[in-house]
Amino acid sequence: MNISATPPPPRQLWYRILYVQVLIAVVAGVVVGYAAPDFAKSLKPLGDAFIKLVKMLIAPIIFCTVVHGVASMKDLKKLGRVGGKTILYFEVVSTLALLIGLVVVNVLRPGDGFNVDPAALDPKASEGYVQSAQHHTLPEFLLSLIPTTFFSAFTSGDWLPVLLVAVLAAFAISALGERAAPVLHAIDRASEIFFGIMRIVVKFAPLGAFGAMAFTIGSYGLGALGKLVALMGGFYLTAALFVVIVLGSIAAWSGFSIFRFLNFIKEELLLVLGTSSSETALPGMIDKMKRLGCAPATVGLVIPTGYSFNLDGSSIYLTMAAVFLAQATNTPLDVPHQLGLLLVALITSKGSGGVTGAGFIALAATLSAVPSVPIASLALLIGVDRFMSECRALTNLVGNGVATVVISRWEGEVSKEMLRERLREG
């Protein structure tokens, strides 16, 4: 008996692969921004439009994912256990990121020799960030978790109110017992619709990445780096080592390779690289973590919460940038002051989300609480913050992905063998 083998699926043409298209668009944006800066600045709406399209879908996707995942979970004790492990993991890893940034900036000392006089800086340049930072206190942050109305959670642009509403809705649906089945079915179908819309939107990712990168290079130029290249180089190196060594060790302990994981989420990484915002990759990360075998409830809790509480890249940036500004302005910071800075950063690093520029606002909030470092010195970093925001967003994204898999492994939702197999398959 002749059995004909099933032919393998046709290989996708290289120029139709999304991450290849995004990579080409990023390179083209750099070229256009350098060669025609005035024209490149006019391309900013392309990047803004794409980010707005993605943000339009984030709230309903989070809501559907969390409600379906939590309401389907029969064991509510497991929900509390997963939440507790998640917060513990976030605090340990983000504190480690803050410490690493503090150590590296003291070893490299990129700000030495700048001898900047804070009185000579324009305080108006950083005025907007300082005003935003004034609303970054802990009580205001906690109150901001509660939306004014049920539906305002979906229009505020913040994710944590959506998460709160989703968890409350999930508990209410779970209490319906057998009557919850049609509601969960409807939410599952709605989730498929929103992810379908996202697949359409993501096709425009190369265009958004091109516009955002062209604007960045056209506005600030490659020469805008100047003497600040030492800080940028140190930050990029520290973030890379954090991903490879710290997150790599956590991944290896959990039974998977950090490099295979990075390859698995390469589309999301390139999307973040082009737009400087980890927000744009959130729906894709939710989908891919489910494909790895992580339970929907775990994904729905860890990913959105991590975007506000597990910002490894932003944590590294906060301590490095704050001490750099102290070095640049010849402001003495002894060990007790630096430890105080670290404690303040533990609070200000929370809730800054995945939007472009949020890390800079968190830095302004940190300096506002540490008066020894002149707040006007923020003006030194405004011109290059956009370049560093990409590294912050990339590190944040990888950190949240690893956290989701680790929590899922702790809960026994996915085995080492299954994880390795699915990472190999890509």
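Coordinates for the structure precede this section.
Cut-offs and rules
Residues numbered from 1 in each chain as written. Predicted model: local features only at pLDDT ≥ 70, side-chain atom pairs only at ≥ 80, totals over all residues. Heavy atoms only, no water. Helix = DSSP H or I, 4+ residues; strand = E, 2+ residues; numbered from the N terminus. Contact = heavy atoms within 4.5 Å. Areas by Shrake-Rupley, 256 points an atom, 1.4 Å probe, with all protein chains shown as cover. Expected span 1.5 Å × (residues − 1). Bend = angle between axes of the 7 residues up to and from the residue. Buried < 20%, exposed > 50% of the residue type's maximum accessible area, 1.4 Å probe, protein only. Patch = residues over 30% accessible without salt bridge, like charges linked within 9 Å, V, L, I, M, F, W, Y side chains within 5 Å. Salt bridge = Lys/Arg side-chain N within 4 Å of Asp/Glu carboxyl O. Lys, Arg positive; Asp, Glu negative; His and termini not counted. Charge placed at Lys NZ, Arg CZ, Asp CG, Glu CD. Axes fitted to C-alpha atoms, helices over the stretch in contact; angles between N-to-C directions. Left-handed = near helix turned anticlockwise from the far one by under 90°. Nonpolar A, V, L, I, M, F, W, Y, C, P; charged D, E, K, R; others polar. Parallel < 35°, antiparallel > 145°, perpendicular 65-115°, else oblique. Phe/Tyr/Trp six-rings, centres within 6.5 Å; stacked < 30°, edge-to-face > 60°. Lys NZ or Arg CZ within 6 Å of the ring centre and 35° of its normal.

Enquirer: Just checking my understanding: could you explain the overall build of the protein chain for this structure?
Expert: Per the secondary structure count, the protein chain includes 19 helices and zero strands. In the protein chain, the proportion of contacts linking residues at least 24 apart, taken out of those at least 6 apart, comes to 85%. If you sum the accessible surface of the protein chain, you get close to 19100 Å²; carbon and sulfur atoms cover 67% of it.

Enquirer: How should I be thinking about helix H10 (residues 229–254) in this particular structure?
Expert: Owing to its 3.6 residues per turn, the α-helix brings residues three or four apart onto one side. Taking 1.5 Å per residue as the helical rise, H10 with its 26 residues ought to reach 38 Å, and the 36 Å between its terminal C-alpha atoms agrees with that figure. Along its length, H10 shows its largest kink, about 35°, at glycine 248. Phi turns positive one or two residues past the end of H10, at glycine 255, with a value near 100°.

Enquirer: Please clarify how the side chain of threonine 86 should be interpreted in this entry.
Expert: Note that threonine 86 resides in helix H4 (residues 76–108). For threonine 86, a relative accessible area of 5% gives the class buried. Not counting residues up to four positions away in its chain, the partners in contact with threonine 86 are Val302 and Ile407.

Enquirer: Can you help me understand a positive patch on the surface in this one?
Expert: Taken together, the side chains of Arg260, Lys416, Arg420 and Arg424 make up a positively charged region of the molecular surface. Tracing the backbone shows arginine 424 in helix H19 (residues 416–425). The class of arginine 424 is exposed, set by a relative accessible area of 54%.

Enquirer: Got a minute to help me understand the pattern of salt bridges in this structure?
Expert: Pairing between side chains of opposite charge can happen when their charged atoms approach one another. One pass over the full model with this rule turns up eight salt bridges. Where glutamate 411 meets arginine 81, a salt bridge forms, and the shortest distance between an N and an O atom there is 2.9 Å. Taken as a pair, glutamate 411 in the loop between helix H18 (385–410) and H19 and arginine 81 in helix H4 lie far apart in primary sequence, 330 residues in all. Residue glutamate 411 is classed as buried on the basis of its relative accessible area of 14%. We classify arginine 81 as partly exposed; its relative accessible area is 37%. Between arginine 189 and aspartate 188 there is a salt bridge, with its nearest N and O atoms 2.9 Å apart. Classification of arginine 189 by relative accessible area gives partly exposed; the value is 31%. What makes aspartate 188 partly exposed here is its relative accessible area of 26%.

Enquirer: Is there a simple way to explain the packing of helix H13 (residues 282–291) against helix H14 (residues 296–309) in this structure?
Expert: Each pair of packed helices can be described by the angle between their axes along with the distance between the axes. Packing of H13 against H14 leaves a shortest axis separation of 10 Å and a crossing angle of 145°. For the crossing formed where H13 meets H14, the hand is right-handed. Here H13 contributes Leu282, Met285, Ile286, Met289 and Lys290 to the contact with H14, which in turn contributes Pro296, Val299, Ile303 and Tyr307. Considering only residue class, the contact of H13 with H14 consists of eight nonpolar, no polar and one charged.

Enquirer: I tried to follow the packing of helix H3 (residues 44–72) against helix H8 (residues 180–202) on my own but got confused; where do I start?
Expert: Packing of H3 against H8 brings their axes to within 9 Å, and their N-to-C directions diverge by 155°. Between H3 and H8, the interaxial angle falls into the category roughly antiparallel. When you trace H3 past H8, the crossing you get is left-handed. In this structure, H3 uses Phe50, Leu53, Val54, Leu57, Pro60, Ile61, Cys64, Thr65, Val67, His68, Ala71 and Ser72 to contact H8, whose residues at the interface are Leu184, Ile187, Asp188, Ala190, Ser191, Phe194, Phe195, Ile197, Met198, Val201 and Val202. Across the contact of H3 with H8, the residue classes tally to 18 nonpolar, four polar and one charged.

Enquirer: Would you take a moment to explain the environment of tryptophan 159 for this structure?
Expert: One can find tryptophan 159 in the loop between helix H6 (138–143) and helix H7 (160–174). Between the C-alpha atom of tryptophan 159 and that of isoleucine 62, which follows or precedes it by 97 residues, the distance is 8.0 Å.

Enquirer: Honestly, the environment of isoleucine 51 in this entry has me stumped. Any pointers?
Expert: Summarising the element assignment, isoleucine 51 is placed in helix H3. Using a relative accessible area of 16% as the deciding quantity, one classes isoleucine 51 as buried. For the pair isoleucine 51 and threonine 275, spaced 224 residues apart in sequence, the C-alpha separation works out to 7.6 Å. Not counting residues within four places of it along the chain, the set of residues in contact with isoleucine 51 comprises Thr275 and Thr280.

Enquirer: What is the right way to read the packing of aromatic side chains from this model?
Expert: Remark: the centre distance and the inter-plane angle together describe each pair of aromatic rings, the angle taken between the planes. If you walk through the whole model with that rule in mind, you get 10 aromatic pairs. Ring geometry for phenylalanine 150 against phenylalanine 151: centres 5.4 Å apart, planes inclined by 75°, an arrangement best described as edge-to-face. Accessibility expressed as a relative area gives 41% for phenylalanine 150, which makes it partly exposed. Here the aromatic rings of phenylalanine 150 and phenylalanine 154 are separated by 6.0 Å at their centres, their planes lie at 45°, and the arrangement is tilted. Overall, the relative accessible area of 26% leaves phenylalanine 154 in the partly exposed class. For lysine 288, the ring lying beneath its charged end belongs to phenylalanine 264, and the centroid distance is 5.5 Å. Above the face of the tyrosine 317 ring, arginine 392 is positioned so that its terminal group lies 4.2 Å from the ring centre.

Enquirer: Even after reading the chapter, I still don't get a nonpolar patch on the surface, so can you show me in this structure?
Expert: On the surface, Leu237, Leu241, Val244, Ile245 and Phe259 cluster together into a nonpolar patch covering about 480 Å² of accessible area. Inspection of the secondary structure puts valine 244 in helix H10. Assessed through its relative accessible area of 39%, valine 244 is described here as partly exposed.

Enquirer: What should I look at first to understand H13 in this one?
Expert: Along H13, the residues classified as buried are Leu282, Pro283, Met285, Ile286, Lys288 and Met289. Just downstream of H13 lies glycine 293, where phi reads positive at about 110°.

By themselves, these figures tell us nothing about what the structure is for.
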